[in-house]
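# Geometric and topological summary
In case you want the letters, here they are:
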Amino acid sequence: MTAKAAFYDVDGTLVRTNIVHTYAYYAMNRGTLSGIAGRTLAAAAQVPLYAALDLVNRKWFNEYFYRAYAGLSEDRLVVLGEEMLEDVLKPAVFPKAKDLIDEARRAGCRIVFITGALDFTVAPLARLLGADDVIANKMQFVGGIATGKVIPPIIEGANKAHAIRDYCVRHGLALDQSFAYSDSFSDYAMLAMVGRPTAVNPDVRLRSIARAYHWPVLDLR
Amino acid sequence: MRPLKTLKRLYDENNQVVVTEKGSPPRVIFHGEDFLLEDLPLGTRVVFARLPLQPVPNPKAAIRWALNHPEGMDPLHALLRPGMKVTIALDDISLPLPPMVTPDARQTVLEIVLELLADSGVDDVHLVIANALHRRMTEGEMKRMVGEKIFDAFYPDRYYNHDAEDPNGMVELEHTAQGEVVAINRRAADSDLLIYVNINLVPMDGGHKSVGTGLANYASLRAHHNPKTIRDSESYMEPSKSALHRSTERIGRVIDQHLKVFHIETVLNNRMFDGATGFLGKREEDFTEVDRLKFEVLRYTLSKLPRVAKRKLLMSIPAPYDIIAVNAGATEPCHEKTLEACWRQYSVPVQGQSDIVIWGVPYISPYNVNSILNPLLVQVMGLGYLFNLNRGIPLVKKGGVVILCHPAYDEFDPEHHPSYIEFFNRLLPETRDAMVLEHKYEQEFATNPSYVHLYRKGHAYHGAHPFYMWYWGENGRQHVGKVIVAGAENNHVPELLGWERTDTLAEAIDLARGAVGRSASITLVKSAPILQTDVRL
């Protein structure tokens, strides 16, 4: 049988959270009252800017948004990542997400999460849902402290498609036999890259594209 | 004043074959969600269904009698003991067509059987819909099928759809001598008694096919749902001439060795239409002025509605079927009696084959209840069901022409038929060869996790199902020389199916005559109501 993979976007596809929820969890667990207040208020104040950036360009949004992590320590982020799985992510996993992943595994697919979230936030979830690999953004740390910059290339949009292609080449997987799942039109490139794309809980634009290209549409909610 | 000849015809109700003469009325022909009213060339033979047989006077009494006098088994009450585990499997929504007026025959049977089980101290009872790789029935459909009281008592924990892809929900028994996989629903396999409640509408259904297909999985169905088996079947509506049935019999016999299976088979008459649409069950010669008026009103109404509304309207009209026979007991002796009743209702003797056969394709098939008759289903209706509704000798001559009346619209239901969409748009442009399709793509579709998920958690037909639909038309495709879709609204759907198209039925007949000769014999088969031609050569 041809080796193939199933690539899953995470936020909105497998879980109902997104990177803002994740950051909010870190902000709310800053350790000191002033820290919590400072980061939460700063994040809240920038909501309109985040929204505008997300609308215009997901890459700009990610780059700008991850600056909020600057100054947080690496070990703290890793520990909080584990705690966040229990407190935030586990309850947010869509009820049928595990079934979909299990079905892909039974079909002989390698399970890969591909997400614009940061690796330390996704790793525990990947373990929980049984992913074989994670392709995620990596925060730059200097002296164990986050700089707020993401190591390029930022995993989003067209870069997700490149990452999938590279992954398939590296692991000897057939791209045209592989599956990709996403909820967002911003992942159109990644969906178009594989032979078997599927829209999951799609937004309006992706639903319309999926119908036009005869892609299956799933609802995991 | 009607001439004497016409009056005589009016009272000759047993004549199912009428030859078109000068003065014959135009024929009402199904055309998807619309109707055609067509004058046919002189000499055209028109085959009608038999009149509905008289129902059993008291269905509940007939069911009780069958349970107490089963074929080849002890009466049901004698098989029961307190504390035993019983599973009742039910035919799914693909039968009958259209769905019957309530109470459904399955509800009537269940009301009696469940009472008997309760009286015998049997509490561990599950109701499983034997939907095989068909879509899961919705909650509303499930309630309608068994009635509110049973639904409330059993749903959802003890009344559910079979899941052929549940990794823990299937059991593989030994293979048949021919190496066919025998796999069935685990709950059924673990039960002390499996009761199968069937509705027999056509002779293809029931018997070993009930459990061996309805509760099976993809691996088991592959044994007979393949193009070779269909090619080897002279007609899969005639079990004695069907390789499909020979395979299901082998599988069913293995199941019967491992499980105690008690069948309850009901046979319905062909009273598909009543009231405002009752004229559809009549010959046009027998139409009254009121019938003509009803037809014109229906046709006018449909012509003013968008297709979605037409579909909704037509799907909302239930069929007033009656039960004409109930048999129970062991698989083979019970089914033998069921088939006899089936043929009494459906079999219509016809003298000789035809060069050209015309079928109106209605809005509904077993696979699109409450959904769209998409192009693959038009294909399965034409070259599958309608072509195979014979007793071993096709009505159309080898190399002859089939004319199907349908708009052949390019519409699919993404909820019920997602894998059909890919099959139609990706695979058919590459090849129509069923063997190639099976070899290259069936496995891929069957294991596609998106399609598996949509089958298990949504209401989609399994990823392998569009292939079965294509295979179902295989012996029709091998037999006929040409298929013409009369009234097709586009070019590309007929082209992808390998067919030709015309705007009207008259043009289709002209085109067909061009292929098989001006003196070609023509037969119009008026179904629905369903009929099975018994061609005598």
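Located above this text is the structure these notes cover.
What you see is a predicted model; the values in this text were computed from it and never measured.

### Observations concerning the pairing of strand β10 (residues 193-200) of chain B
Each regular strand carries side chains that alternate between the two faces of the sheet. All names here are of chain B. Taken across its 8 residues, β10 has 8 buried, putting it largely inside the fold. What you see with β10 is no split at all: Leu 193, Ile 195, Val 197 and Ile 199 on one side and Leu 194, Tyr 196, Asn 198 and Asn 200 on the other are buried throughout. In this sheet, β10 lies alongside strand β5 (residues 85-90) in parallel orientation, the contact comprising 5 bridges. Bridging from a neighbouring strand, Ala 89 pairs with Tyr 196 of β10. As paired elements, β10 and strand β11 (residues 261-268) share 7 bridges and run parallel to each other. In the strand pairing of β11, Leu 194 is matched with Val 261.

### Here we look at the packing of helix α6 (residues 97-106) of chain A against helix α18 (residues 449-457) of chain B
Packing of α6(A) against α18(B) brings their axes to within 9 Å, and their N-to-C directions diverge by 135°. With respect to each other, α6(A) and α18(B) are oriented oblique. In this structure, α6(A) crosses over α18(B), and the sense of that crossing is right-handed. The residues of α18(B) that touch α6(A), namely those facing Asp99(A), Leu100(A), Glu103(A) and Ala104(A), are Pro449(B), Val452(B), His453(B), Arg456(B) and Lys457(B). Of the residues that constitute the contact of α6(A) with α18(B), the class distribution is 4 nonpolar, 1 polar and 4 charged.

### Considering unusual backbone geometry
Residue and element names in this part refer to chain B. Leu 95 connects to Pro 96 through a cis peptide bond whose omega is -15°. Looking at the secondary structure, you find Pro 96 in the loop between β5 and α4 (105-119). Each neighbour pair has its own omega, and for Tyr 155 with Pro 156 the value is 0°, a cis peptide bond. Residue position: Pro 156 is located in the loop between α6 (148-154) and β7 (159-161). If you check the backbone angles, Ala 132 has positive phi at about 45° while not being a glycine. With a phi close to 60°, Asn 370 is a non-glycine residue in the positive phi region. Mapped onto the elements of the fold, Asn 370 is located in the loop between β14 (354-362) and α15 (375-388). A residue is classified by how many C-beta atoms lie within 10 Å of it, and Asn 370, with 20 of them, is buried.

### Overview of helix α14 (residues 331-346) of chain B
Residue and element names in this part refer to chain B. Between its first and last C-alpha, α14 extends 22 Å over 16 residues, near the 22 Å set by a 1.5 Å rise per residue. Every buried residue of α14 is listed here: Thr 331, Cys 334, His 335, Thr 338, Leu 339, Ala 341, Cys 342, Gln 345 and Tyr 346. Viewed along the axis of α14, the buried residues span an arc of 165°, placing them on a single side of the element.

### Remarks on the packing of helix α5 (residues 74-92) of chain A against helix α7 (residues 119-129) of chain A
Residue and element names in this part refer to chain A. Between α5 and α7, whose axes approach to 8 Å, the crossing angle comes to 55°. Judged by the angle between their axes, α5 and α7 are oblique. Crossing angle aside, the handedness with which α5 passes α7 is right-handed. Side by side, α5 and α7 meet where Leu 77, Val 78, Gly 81, Glu 82, Met 84, Leu 85, Leu 89 and Lys 90 of the first sit next to Phe 120, Thr 121, Ala 123, Pro 124, Leu 125 and Leu 128 of the second. Taken together, the residues of the contact of α5 with α7 break down into 10 nonpolar, 2 polar and 2 charged.

The rules behind the values
Residues numbered from 1 in each chain as written. Chains lettered and ligands numbered in written order. Predicted model: local features only at pLDDT ≥ 70, side-chain atom pairs only at ≥ 80, totals over all residues. Buried ≥ 20, exposed ≤ 12 C-beta atoms within 10 Å, placed from the backbone. Helix = DSSP H or I, 4+ residues; strand = E, 2+ residues; numbered from the N terminus. Pairing = 2+ DSSP bridges. Axes fitted to C-alpha atoms, helices over the stretch in contact; angles between N-to-C directions. Parallel < 35°, antiparallel > 145°, perpendicular 65-115°, else oblique. Left-handed = near helix turned anticlockwise from the far one by under 90°. Contact = placed C-beta atoms within 7 Å. Nonpolar A, V, L, I, M, F, W, Y, C, P; charged D, E, K, R; others polar. Expected span 1.5 Å × (residues − 1). Arc of directions from axis to C-beta.

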